[in-house]
Amino acid sequence: ARPIMAVVMLSAISALDGFSVLSVTFAAPGFSRAFGMDATALGWVLAIGLIGMGLGSLLLAPFADLFGRRRLVVLNLVLVMVGMLASATANGQAALIAARLLTGLGTGAMIAVLAPLAAEYASPARRELAVGLMSIGYPVGGMLGGAVSALLLQGPGWRAVFLLGSASA
């Protein structure tokens, strides 16, 4: 039962990662209008999360070997939560870029540790299945997040998309 629950939790965390990466694209029409962004500014906001993901994978993920994967997952969840909350409360382009960088750092480091954790919790005979099930969470999170975001954008607006991501972490 413990390995199954671990894989379910890791899949849910992977789904959050998928949503956190795509949330900025869902909310882009709203914040670009709110902040009067041109195409270049919007491009930076969209790209900075991916830059953060690369930096998180490169700079933060190695700390899993020092402090443990589970501790790093918790730290990354905090980074994603704070980054998404900061995205929701951003008052301009610079604040949004900083928030998306922070979110990307947590997301990038998370991606690097989820698969090894899933493999660690699974029995040798089920490792591939556990990693596969965990990996499915990423696109499922993006897909479900997109559907919920479409509803949020019709009502509360773009900030609610990021609030959902922060509350989910």
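Before going into details, it helps to say that this report is about the structure given with it. (Residues numbered from 1 in each chain as written. Predicted model: local features only at pLDDT ≥ 70, side-chain atom pairs only at ≥ 80, totals over all residues. Heavy atoms only, no water.)

**Brief notes about the overall build of the chain**
Part 1 of the reasoning: For the chain, the count of helices and strands is 7 helices and 0 strands.
Part 2 of the reasoning: Shown N-terminal to C-terminal, the secondary structure of the chain runs as helices and strands in the order α-α-α-α-α-α-α.
Part 3 of the reasoning: Taking 169 residues into account, the globule formula puts the C-alpha radius of gyration at 15 Å, and the chain, at 16 Å, falls close to it.
Part 4 of the reasoning: By its C-alpha atoms, the chain is 55 × 30 × 20 Å across when sized along the principal axes.
Part 5 of the reasoning: The buried share of the chain, reckoned over its 169 residues, is 44%.
Part 6 of the reasoning: If you take every contact in the chain between residues at least 6 apart in sequence, the share linking residues at least 24 apart comes to 78%. (Helix = DSSP H or I, 4+ residues; strand = E, 2+ residues; numbered from the N terminus. Rg over C-alpha atoms; globule rule 2.2 N^0.38 Å. Buried < 20%, exposed > 50% of the residue type's maximum accessible area, 1.4 Å probe, protein only. Contact = heavy atoms within 4.5 Å.)

**Details of the nonpolar core**
Part 1 of the reasoning: The biggest cluster of nonpolar side chains holds 33 residues, and the ones touching the most others in it are Leu10, Phe31, Val73, Leu96, Leu114 and Phe162.
Part 2 of the reasoning: Those elements that place two or more of their residues in this core are helix H1 (2–34), helix H2 (39–60), helix H4 (69–88), helix H5 (93–121), helix H6 (127–154) and helix H7 (158–168).
Part 3 of the reasoning: Top contributing element to this core by residue count: H1, with 9 residues.
Part 4 of the reasoning: Apart from residues lying up to four places away in sequence, Leu114 is in contact with Leu10, Ile13, Ser14, Asp17, Val73 and Met134. (Core = buried A, V, L, I, M, F, W, Y, C linked by side-chain atoms within 4.5 Å.)

**Here we look at the packing of aromatic side chains**
Part 1 of the reasoning: Under the defined criterion, the tally for this structure stands at 6 aromatic pairs.
Part 2 of the reasoning: Clustering of aromatic rings is evident, with ring pairs tying together Phe31, Phe35, Trp158 and Phe162. (Phe/Tyr/Trp six-rings, centres within 6.5 Å; stacked < 30°, edge-to-face > 60°.)

**Section: a nonpolar patch on the surface**
Part 1 of the reasoning: Residues Leu129, Leu133, Ile136, Val140, Met143 and Leu144 make up a contiguous nonpolar surface patch of roughly 540 Å² in combined accessible area.
Part 2 of the reasoning: Relative to the elements of secondary structure, Val140 occurs in helix H6.
Part 3 of the reasoning: Judged by relative accessible area, which is 31%, Val140 ranks as partly exposed. (Patch = residues over 30% accessible without salt bridge, like charges linked within 9 Å, V, L, I, M, F, W, Y side chains within 5 Å. Areas by Shrake-Rupley, 256 points an atom, 1.4 Å probe, with all protein chains shown as cover. Salt bridge = Lys/Arg side-chain N within 4 Å of Asp/Glu carboxyl O.)

**So, the packing of H5 against H6**
Part 1 of the reasoning: In contact at an axis separation of 8 Å, H5 and H6 are set at 145 degrees when each is read in the N-to-C sense. Relative to H6, the crossing made by H5 is right-handed. Contacts between H5 and H6 involve Ile111, Leu114, Ala115, Ala118 and Ala119 from the first element and Arg127, Ala130, Val131, Met134 and Tyr138 from the second.
Part 2 of the reasoning: Considered class by class, the residues forming the contact of H5 with H6 number 9 nonpolar, no polar and 1 charged. (Axes fitted to C-alpha atoms, helices over the stretch in contact; angles between N-to-C directions. Left-handed = near helix turned anticlockwise from the far one by under 90°. Nonpolar A, V, L, I, M, F, W, Y, C, P; charged D, E, K, R; others polar.)

**Here's the deal with the pattern of salt bridges**
Part 1 of the reasoning: Evaluated as defined, the whole model comprises 1 salt bridge.
Part 2 of the reasoning: Arg69 is the partner of Glu120 in a salt bridge, and the nearest nitrogen-oxygen pair spans 2.6 Å. Residue Glu120 is found in helix H5, and its partner Arg69 is found in helix H4; the two are separated by 51 residues along the sequence.

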